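Structural description and commentary
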Amino acid sequence: MSLFFISQVLVAIAICFDLMSFQFKERRKIVACLFCAGVLISSHFILLEQWTAASLMVIATIRYLVSIFSTSPKLKYLFGSASLIATVLTYSGLISILSFLASSFQTVAAFNKDDKRLRELMVVGTSFWLVHNYLIGSPTAVIMEALFIGSNLVGYYRYYYKKEVMI
C-alpha cells in the first residue's frame, strides 16, 4: 500500500469528523471534532511530505485542543505567531502561503467566542485549504474541504438563516 493511498484513507476518516463538527451548535463540540480531524489531516500531510501544511496542522490540532478550554485572545496571538514561524522555517513557495492564510483564518476562528463568527471565518480558511489541497494533488482532501464548507453552511443555515427567516 502506497503512502499516498494511506494519506487519502486518513483524510477520508477525517471527513467524518469534519462533517459532524458543524452540525453541533455548541462551540466546544465543534472544536473537539476539529481536533480529531486535525490529527488525521496532519498525518496525511506528513505522508505527502507537505511540511508547511503538516507543521501548521500540528499547530492547529494543538490549537483546537487548547481552544476547547480557553478563547483567550492571547492564545490566538501565540498560535498565530507559531504558525508564522513554522511557515518561515518550512517555506516552499505559494503552497506555503496558501496554507499559512488558511491556518491564520482558522486560528482567529478557533478563539472566537461566537460560534456564528467561528463558522464564517472557518469558511474563508477552508477555502484556502481547498485551493492548497488541489495544488498539491490530494483529491480526497479537496473533497473533504468542499464537504466541510457544505456542512458548515448547512449548520449556518439551520442555526442562523432559518431562524431569521422565521422571525
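Given the structure is predicted, the values throughout are model-derived calculations rather than measurements. (Residues numbered from 1 in each chain as written. Predicted model: local features only at pLDDT ≥ 70, side-chain atom pairs only at ≥ 80, totals over all residues. Heavy atoms only, no water.)

**Some points on the overall build of the chain**
The number of helices and strands found in the chain is seven helices and zero strands. Going residue by residue from the N terminus, the α and β elements of the chain occur as α-α-α-α-α-α-α. Relative to the compact-globule value of 15 Å for 167 residues, the chain shows a C-alpha radius of gyration of 15 Å, a close match. Projected onto the principal axes, the alpha-carbon positions of the chain cover approximately 50 × 35 × 25 Å. In the chain, the proportion of contacts linking residues at least 24 apart, taken out of those at least 6 apart, comes to 70%. Carbon and sulfur atoms form 73% of the exposed surface of the chain, whose accessible area is close to 8,200 Å². Treating the 14 positive side-chain charges of the chain as one cloud and the 8 negative ones as another, the clouds have centres 8 Å apart. (Helix = DSSP H or I, 4+ residues; strand = E, 2+ residues; numbered from the N terminus. Rg over C-alpha atoms; globule rule 2.2 N^0.38 Å. Contact = heavy atoms within 4.5 Å. Areas by Shrake-Rupley, 256 points an atom, 1.4 Å probe, with all protein chains shown as cover. Lys, Arg positive; Asp, Glu negative; His and termini not counted. Charge placed at Lys NZ, Arg CZ, Asp CG, Glu CD.)

**Overview of the pattern of salt bridges**
In this structure the tally under the stated criterion is two salt bridges. Here Arg119 and Asp115 are joined by a salt bridge, their closest N and O atoms 3.7 Å apart. Taken together, the residues span about one helical turn, with Arg119 and Asp115 both in helix H6 (residues 115-136) at a distance of four residues. The class of Arg119 is buried, set by a relative accessible area of 0%. Between Glu120 and Arg117 there is a salt bridge; the shortest N-O distance is 3.3 Å. With Glu120 and Arg117 both in helix H6, this residue pair falls three residues apart, about one helical turn. A relative accessible area of 41% means that Arg117 is categorised as partly exposed. (Salt bridge = Lys/Arg side-chain N within 4 Å of Asp/Glu carboxyl O. Buried < 20%, exposed > 50% of the residue type's maximum accessible area, 1.4 Å probe, protein only.)

**Side note on helix H3 (residues 51-69)**
Compared with an ideal rise of 1.5 Å per residue, which puts 19 residues at 27 Å, H3 spans 28 Å between its outermost C-alpha atoms and is within 8% of the ideal. Within H3 the residues assigned to the buried category are Thr52, Ala53, Ala54, Leu56, Met57, Ile59, Ala60, Thr61, Arg63, Tyr64, Ser67 and Ile68. (Expected span 1.5 Å × (residues − 1).)

Limitation: the analysis is restricted to geometry and does not speak to function.
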